[in-house]
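Residues per chain, in single letters:
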Amino acid sequence: LRSLGALKRYKPESQVRLYAANGIARPSPAALSSKLRAMSMKNAIDAGDATALRDLLAASPVLANQLIEWGKRGELRTHPLHYVCDKRFDGTIAKETALPLVEALLAAGADCNDHAENRETPLHGAASLGAEDVGIRLLDAGANPNLLGSFGETPLHWAAHLGLADLVASLLEA
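Residues numbered from 1 in each chain as written. Predicted model: local features only at pLDDT ≥ 70, side-chain atom pairs only at ≥ 80, totals over all residues. Heavy atoms only, no water.

Participant: Got a minute to help me understand the overall build of the protein in this structure?
Facilitator: In terms of helices and strands, the protein carries 10 helices and two strands. For the protein, the succession of helices and strands along the chain, N to C, is α-α-α-α-β-β-α-α-α-α-α-α. Split into buried and exposed, the 174 residues of the protein put 47% on the buried side. Accessible area for the protein stands at about 8600 Å²; split by element, carbon and sulfur atoms hold 52% of it. (Helix = DSSP H or I, 4+ residues; strand = E, 2+ residues; numbered from the N terminus. Buried < 20%, exposed > 50% of the residue type's maximum accessible area, 1.4 Å probe, protein only. Areas by Shrake-Rupley, 256 points an atom, 1.4 Å probe, with all protein chains shown as cover.)

Next up, the structure:
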């Protein structure tokens, strides 16, 4: 990317892939700084672009577990798997877009049991934000359903509270 400012101006609605739009055939660690790659990853998730996300992760698999900074002033730091759920919840990405993004992250080694500073895991995020299909996929990938969140709750508490019947059943079976 030519500049950090250009990346900040990137609009997810663009039909051109993130890396192609900036004249990069395939992102590589040499082509992008760590901060720029992380921002590119955030933009790829915001755009629902699983292909761009896979390419970024292929160039730098460590990004699968690098916290994404977001929020009005960049005050939030979230694991990429949890961030996908946040973007599902706020309507940035569609339901059918989330699973391919999660698959790309898991294939690159994303830790589905990562504990954030607030003790929330990606499975807590999926359950509390209504991303039922993501929660079931995280369980299939080995997410621990018994880890306690910031209020001492498990993902089952959230799934039951929100009426996510399929996720509740999967959590009870796990």
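Participant: Would you explain the nonpolar core in this entry?
Facilitator: By size, the foremost hydrophobic cluster in this structure holds 39 residues, and its most contacted members are Leu-53 and Leu-138. Elements supplying a minimum of two residues to this core: α3 (34-47), α4 (50-59), β1 (68-70), α5 (80-89), α6 (95-107), α7 (122-128), α8 (132-140) and α10 (165-173). Among the elements that take part in this core, α6 stands out by supplying six residues, more than any other. Here Leu-138 is in contact with Leu-81, Val-102, Leu-106, Cys-112, Pro-122, Leu-123, Ala-126 and Ala-143, once residues within four sequence places are set aside. (Core = buried A, V, L, I, M, F, W, Y, C linked by side-chain atoms within 4.5 Å. Contact = heavy atoms within 4.5 Å.)

Participant: Looking at this structure, how should I read α10?
Facilitator: Since one α-helical turn is 3.6 residues long, residues separated by three or four positions face the same way. Listing the buried residues of α10 in full gives Leu-167, Val-168 and Leu-171. The arc that holds the buried residues of α10, viewed along the axis, is 105°, so those residues lie on one side. Turned more than 90 degrees away from the buried face of α10 sit Ala-165, Asp-166, Leu-172 and Glu-173, all of them exposed. Those residues of α10 that are buried are in contact with α7, α8 and α9 (155-162). (Arc of directions from axis to C-beta.)

Participant: Would you mind showing me how to read the environment of His-157 here?
Facilitator: You can see His-157 is positioned in helix α9. Once the C-alpha coordinates of His-157 and Val-168 are considered, the two residues, 11 residues apart in sequence, prove to be 8.7 Å apart. There is a polar contact of 2.8 Å between the side chain of His-157 and the backbone nitrogen of Thr-154. (Polar contact = N/O pair within 3.5 Å; in protein donor to acceptor, adjacent residues only side chain to side chain.)

Participant: What is the right way to read the layout of surface pockets from this model?
Facilitator: Regions of empty space are outlined by a rolling probe, equal in size to a water molecule, passed over the atoms. Approximately 250 Å³ is the volume found for the second largest pocket. What lines the second largest pocket is a set of 17 residues, among which Arg-77, Thr-78, His-79, Ala-116 and Asn-118 lie closest to the centre. Listed by contribution, the elements that provide at least two residues to the lining of the second largest pocket are β2 (76-78) and α5. Considering each element in turn, the lining of the second largest pocket owes the most residues, three residues, to β2. The residue inventory of the lining of the second largest pocket, partitioned by class, reads five nonpolar, six polar and six charged. (1 Å grid on protein atoms, 1.4 Å probe; cavity = no way out; pocket = protein on both sides within 12 Å on 5 of 7 lines; lining within 4 Å. Points joined across faces, edges and corners; volume = space filled by probe spheres on them. Nonpolar A, V, L, I, M, F, W, Y, C, P; charged D, E, K, R; others polar.)

Participant: What is the right way to look at the packing of aromatic side chains in this model?
Facilitator: Between two aromatic rings, the relevant description is the distance of the centres plus the angle of the planes. Inspection of every chain in the model, using the stated rule, returns one aromatic pair. Taken together, a centroid distance of 5.3 Å and an interplanar angle of 75° make the contact between Trp-70 and Tyr-83 edge-to-face. Of the two residues, Trp-70 is situated in strand β1 and Tyr-83 in helix α5; the sequence distance between them amounts to 13 residues. The same class applies to Trp-70 and to Tyr-83, which are both buried. (Phe/Tyr/Trp six-rings, centres within 6.5 Å; stacked < 30°, edge-to-face > 60°.)

Don't take any of this as a statement about function, it's just geometry.
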